[in-house]
Every structure is written in C-alpha cells, then in structure tokens.
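# Structural overview for review
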Amino acid sequence: MKQILVLHTGGTIAMKENPSTGSVSPDAKNPLTDAPIPLPEDVQLITENIFNLPSPHITPERMLKIKERIQKAYQNGIDSVVITHGTDTLEETAYFLDLTIGNWLPIVLTGAMRSSNELGSDGLYNFVSAIRVAASPDAKDQGVLVVMNDEIHAARYVTKTHTTNVATFRTPSIGPIGMINKNNIIFLQKVLHSQYTDISSASGFIPILKAYAGMRGELLEGLAHLSLDGLVIEALGAGNLPPENIAPLQKLLDAQIPIVLVSRCFNGIAEAVYDYRGGGSELQKMGVIFSPNINSQKVRIKLLIANNLQLKKDELVDFMQQ
Ligand SMILES: NC(=O)C[C@H](N)C(=O)O
C-alpha cells in the first residue's frame, strides 16, 4: 500500500459560498474530509488539517511548519505528500518546500478557484488529480509539483496568472511539465533540481519593489530607514531602472543589504544588457544580483531562505543565481 500524507491548509478548496450574498469564506469543516474520493486501489490517505487559512494568511513561518511536518512524516515511512492550499500564495509555499526538503519523494500541491458548493467547483477534482499524481512512480524526483486543471507544473516556475479562471496556473516559457488524463499521468519534461538547503527559521524583512515609468528615488530612500534584510526589485524590461534610483540604491548596497533584481516581464530573464544610466550593466557593476528565471515572489522566498542560512557574500550570489 502507498501511504500518502494529506495536509489541508485551507484556501478556496476548503471554503463555501454564501448563496444569498455570493461571498466566499472558510468552512469550519473541510468539505474534502467527507467527500467521496475515488482512490487508486493501492493508496491509503493519512489526513491532517494542519491549518484552515486563506492563503494570504500563510507566512514563511507557517511554510516552515509544513516543511517540518513533512520531514517528520518521512521518518514514519510515508510515500508521498498532497497539500491543499489557497491559490493566492500557493506558488510561494510550493517553492519554499522545493528548496528546503531534500527528498525527492512526490510532494504535490493543489487548490481550487471555485469553493466547494459553487457551480463547477474544481476542488474535489483537483484533489483527486493531485492524489493520482502523488501515487504515480513518475512523480518521483521531479521536485515539488503543482497540480491544477489537468496539468502538472514545477514549483520552481509555476505562477498564478488569472484572478478567477480555473486554468490560472501557468508556467511561462516552457508550459506544464505533465498532464493528467482519464487513465494516465504523463510527464512531458524533466525538471532541473533546485539546490537543497535546510533551515530551522524563516525570518527576515525582505520587501518587493516594482519599478515603473517615472519612478523616482523616494521609495528606495524611504526603505533605507527600515531595517531590511534584503530587497527584491522587479525591474523594467531586460533589467533596468529609471536613473533617479541609482543614488539611493547605492546607499542600500553600501549598508550591505542584498538587492536581487528580476524583470517585471512575464517571460524572459533579467540580464545586464544595457549600458546607460540605470541600465542593467551599471546595476550589475554596483553589486545588484541578477536572478535568472524565477519571479519576484519566489526570489523573495529564496532570499529569505538565504537570510536564514547566514551565507557569506559570494555564497549568497552563487545561491541566488542558481
Ligand atoms: N482560490 C483561492 O484559493 C484564493 C483564496 N483567496 C486563497 O488563496 O486562499
């Protein structure tokens, strides 16, 4: 028998709609607990309601709690893990686990865009799909996975792209790494391993700042008065900033605050291409770290993990660029 640990954390998948107002809120009793679940024959579920929270209430400390619960379960010989989670921050928890669990047994996150009593509710279907993927031998050694709407995505790249559509989770550039059919689970691509790093705390003040046309230096100047542990900037295009930001940025760098830059573009990566005031070349020479191929919210998770590893400067650059 395959033993799958199911951790329910909350989110729309555990919510109900009030039919008279149309508003959606957490249900005291998880609707998945009593739902008829067609399980593969060789699968046994061990279910736990670790939280019942909307995912905007999920913090890095709570992600750490999920990680520790999974690692404890590994000692008891479970075969895989399914986590139900709100979709708003699902990609951040998925990536946190991808970086901090050094074990390649399947871990699959899923959620829902429509709550349990809404017409066309996708929760139960996604949950069953996640169990099927977690039970598949091909899901081993693929890193943490996100299963929604008949697709399998890698935690490292997947992102929520739509506020309400059930096909909200997408992987820019490469697409899903697998698909779920009526009778088969098919993996189409093999995922690069994320570097494993163990942490026992997840603290740090690391905001994300999005650049825009006409952005002046006041925001960065203001940030210099807060005790930052790091800063993630979503820069313009290939990795550039309006020139007024250079001087305050230098002040933050002089104060030894790690600054990691990604592009605000949905596709592609930030690189030091442009050599003009505020261009990527100047930013790189100043010591801004360019992060390839993950979005700002995931870079933030990675920088937070780095913050709790107490890395030296060179190690931090290496870690953030992997
Ligand atoms: N679809 C969802 O789960 C959205 C919800 N606000 C959450 O993340 O908890």
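Remember, it's a predicted structure, so these values are computed and weren't measured experimentally.

### Re the nonpolar core
Across soluble globular proteins, nonpolar side chains show a tendency to be buried alongside one another. Counting 79 residues, the largest nonpolar core has Val108, Ala134, Leu145, Val146 and Leu261 as its most contacted members. With seven residues, the single largest contributor to this core is helix α3 (residues 123-135). Counting residues domain by domain, this core receives three or more from each of domain 1 (2-187) and domain 2 (208-321). If near-sequence neighbours (up to four positions away) are discounted, valine 108 is found in contact with Val82, Ala130, Val133, Ala134, Ala139, Leu145 and Val147.

### Concerning the UniProt feature "domain: L-asparaginase N-terminal" (unreviewed entry) in the protein chain
With numbering matched to this structure, UniProt assigns "domain: L-asparaginase N-terminal" (unreviewed entry) to residues 3-190. Along residues 3-190, the helical share is 21% and the strand share 25%, with 24 Å between the first and last C-alpha atoms.

### What to know about the domain arrangement of the protein chain
Domain annotation of the protein chain identifies domain 1 (2-187) and domain 2 (208-321). Domain 1 and domain 2 are separated by 31 Å when their C-alpha centres are compared. Here the side of domain 1 that touches domain 2 is built from residues that sort into five nonpolar, three polar and three charged.

### Digging into the environment of alanine 154
Mapping alanine 154 onto the fold places it in strand β8 (residues 151-154). As for alanine 154 and valine 191, which are separated by 37 residues in sequence, their C-alpha atoms are 7.0 Å apart. Excluding residues that lie within four positions of it along the chain, alanine 154 makes contacts with Gly143, Leu145, Thr171, Ile177 and Val191.

### Regarding the site of the ligand
Gly11, Thr12, Pro54, Ser55, Gly86, Thr87, Asp88, Gly111, Ala112 and Met113 make up every residue found near the ligand. Here the residues of the shell around the ligand are counted per class, giving three nonpolar, six polar and one charged.

### Concerning helix α2 (residues 90-100)
Most of α2 is tucked away, with eleven of its eleven residues classed as buried. Buried within α2 are the following residues: Leu90, Glu91, Glu92, Thr93, Ala94, Tyr95, Phe96, Leu97, Asp98, Leu99 and Thr100. Where α2 is buried, its residues meet α1 (60-75), β6 (107-110), β7 (144-148), β9 (159-160) and α7 (296-307).

How each quantity is defined
- Residues numbered from 1 in each chain as written.
- Predicted model: local features only at pLDDT ≥ 70, side-chain atom pairs only at ≥ 80, totals over all residues.
- Core = buried A, V, L, I, M, F, W, Y, C linked by C-beta atoms within 7 Å.
- Buried ≥ 20, exposed ≤ 12 C-beta atoms within 10 Å, placed from the backbone.
- Helix = DSSP H or I, 4+ residues; strand = E, 2+ residues; numbered from the N terminus.
- Domains from an automatic or database assignment.
- Contact = placed C-beta atoms within 7 Å.
- UniProt positions renumbered as here; feature names shortened; annotations may be inferred.
- Nonpolar A, V, L, I, M, F, W, Y, C, P; charged D, E, K, R; others polar.
- Near = placed C-beta within 6 Å.

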